[in-house]
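Each chain, written out:
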Amino acid sequence: MFSPIHSSRALAGLVVVLLGLAAGPVAAREAADIEIALGASNTTDREFTPVASVAWLPELMQMHNAVLRADAGVVYVDGRGDVVGRDLGDSVVVGHVGLRYERTDSGLTLGAGVGGQAGETDALSGDVQFITTGGWRWERFSLLVRHISNASLNSPNDGETMLVAGWRF
């Protein structure tokens, strides 16, 4: 059963632990980027809503023409209000950790992660969510398509698919 207090505490604890674990490799490196992104999300019946995210992207490894980064962050999906026959009114926050692969020659960006959520809708149900990201990056600007879903671990599993523009600091 979903408990907002229990899920919020679990989410906060997960984010704190994962950020702490990622701090070790970052301490040895000079640069850790913060990315802020805004955009819109869509679920199964074209019900759009605003989304915002912030991610900490410390560099883990340089590769030939690519960089592998840790990806720890939070995605906010705004509630949609009254949608007939659908429970989409609540806002949802998903904290996540994962990896992001960035090509330095073409700008191609791919990422995957796992997260926990606070809030629940027909689009984002259950406590575990999987996040996939694909897009392009030009210097500090990125344009990304992101999908968040519980991979049918809980029902319903409508998921959220979003288009976001990000700026890295």
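Okay, so let's go over this structure. Residue numbers run consecutively from 1 along every chain, following the written order of its sequence. At least 70 in pLDDT is required for a residue's local features to be given in this predicted model, at least 80 for side-chain atom pairs to be given and counted, and no such filter applies to totals for whole chains, interfaces and linings, which use all residues. Think of the side-chain values as coming from all heavy atoms in the structure, minus any hydrogens and water.

**Describing the pattern of salt bridges**
- Counted as salt bridges are all cases of a side-chain nitrogen of Lys or Arg within 4 Å of a carboxyl oxygen of Asp or Glu. Tallied over the full model, the rule gives 13 salt bridges.
- Across the pair Arg 168 and Asp 33 runs a salt bridge, and its minimum N-O distance is 3.7 Å. Pair noted here: Arg 168 is in strand E8 (residues 160-168) and Asp 33 is in strand E1 (residues 32-42), with a separation of 135 residues, a long-range link. Summarising the burial analysis for this pair, Arg 168 and Asp 33 share the class buried.
- Here the salt bridges share partners, and the residues they tie into one network are Asp 33, Glu 35, Arg 69, Asp 71, Arg 100, Glu 102, Arg 137 and Arg 168. Secondary structure elements follow DSSP: runs of H or I of four or more residues count as helices, runs of E of two or more count as strands, with numbering from the N terminus. Summary of the burial criterion: residues with accessible area below 20% of their type's maximum are buried, those above 50% are exposed, and those between are partly exposed, where the area comes from a 1.4 Å probe applied to protein chains only.

**Some details on the pairing of strand E7 (residues 141-149)**
- As paired strands, strand E6 (residues 128-138) and E7 are joined by nine bridges and run antiparallel to one another. In the strand pairing of E7, Arg 137 is matched with Ser 142.
- Two strands pair under a simple rule: DSSP has to find at least two bridges between them. Hairpin connection, E6 to E7: the antiparallel pair is bridged by two residues, and Glu 139 has positive phi, about 55°.
- Relative to E8, E7 is paired through eight bridges, and the arrangement is antiparallel.

**A word on a nonpolar patch on the surface**
- Taken together, the side chains of Ile 34, Ile 36, Val 54, Trp 136, Trp 138, Phe 141, Leu 143, Val 145, Leu 163, Trp 167 and Phe 169 define a hydrophobic patch exposed on the protein surface, amounting to about 1,000 Å² of accessible area.
- Going through the elements one at a time, E1, E6, E7 and E8 are the ones with two or more residues in the nonpolar patch.
- Sort the elements by how many residues they give to the nonpolar patch and E7 lands first, with three residues.
- Residue position: Trp 138 is located in strand E6. Here, patches come from residues exposed beyond 30% relative accessible area and free of salt bridges, joined within 9 Å for like charges and within 5 Å for nonpolar side chains (Val, Leu, Ile, Met, Phe, Trp, Tyr). The method behind every accessible area is Shrake-Rupley, applied with a 1.4 Å probe, and residues are considered shielded solely by the protein chains displayed.

**Thoughts on empty space enclosed by the protein**
- The definitions used throughout rest on a 1 Å grid laid over the protein atoms alone, on which a cavity is an enclosed set of points accommodating a 1.4 Å probe that cannot get out and a pocket is an open set flanked by protein within 12 Å on both sides along at least five of seven lines; lining residues are those having an atom within 4 Å of a point. Grid points are joined across faces, edges and corners, and a volume is the space filled by probe spheres set on the points. Under the definition given, this model contains two cavities of 30 Å³ or more.
- Taken together, Asp 71, His 96, Gly 98, Leu 99, Arg 100, Gly 111, Ala 112, Gly 113, Ile 131, Thr 133 and Arg 146 form the lining of the largest cavity.
- Of all elements in the fold, only strand E4 (92-103), strand E5 (108-118) and E6 reach the threshold of two or more residues within the lining of the largest cavity.
- Estimates place the volume of the second largest cavity at around 30 Å³.
- Taken together, Val 77, Asp 78, Arg 80, Leu 88, Asp 90, Ser 91, Val 92, Thr 121, Leu 124 and Glu 160 make up the lining of the second largest cavity.

**Quick look at the pairing of E4**
- Bridging between strand E3 (residues 66-77) and E4 involves twelve bridges; their strand directions are antiparallel. From the neighbouring strand, Ala 66 faces E4, where its bridge partner is Arg 103.
- In the sheet, E4 pairs with E5 via ten bridges, with the strands oriented antiparallel. From the neighbouring strand, Val 93 faces E5, where its bridge partner is Ala 118.
- The turn linking E4 back onto E5 is made up of four residues, and Gly 107 within it adopts a positive phi angle of 90°.

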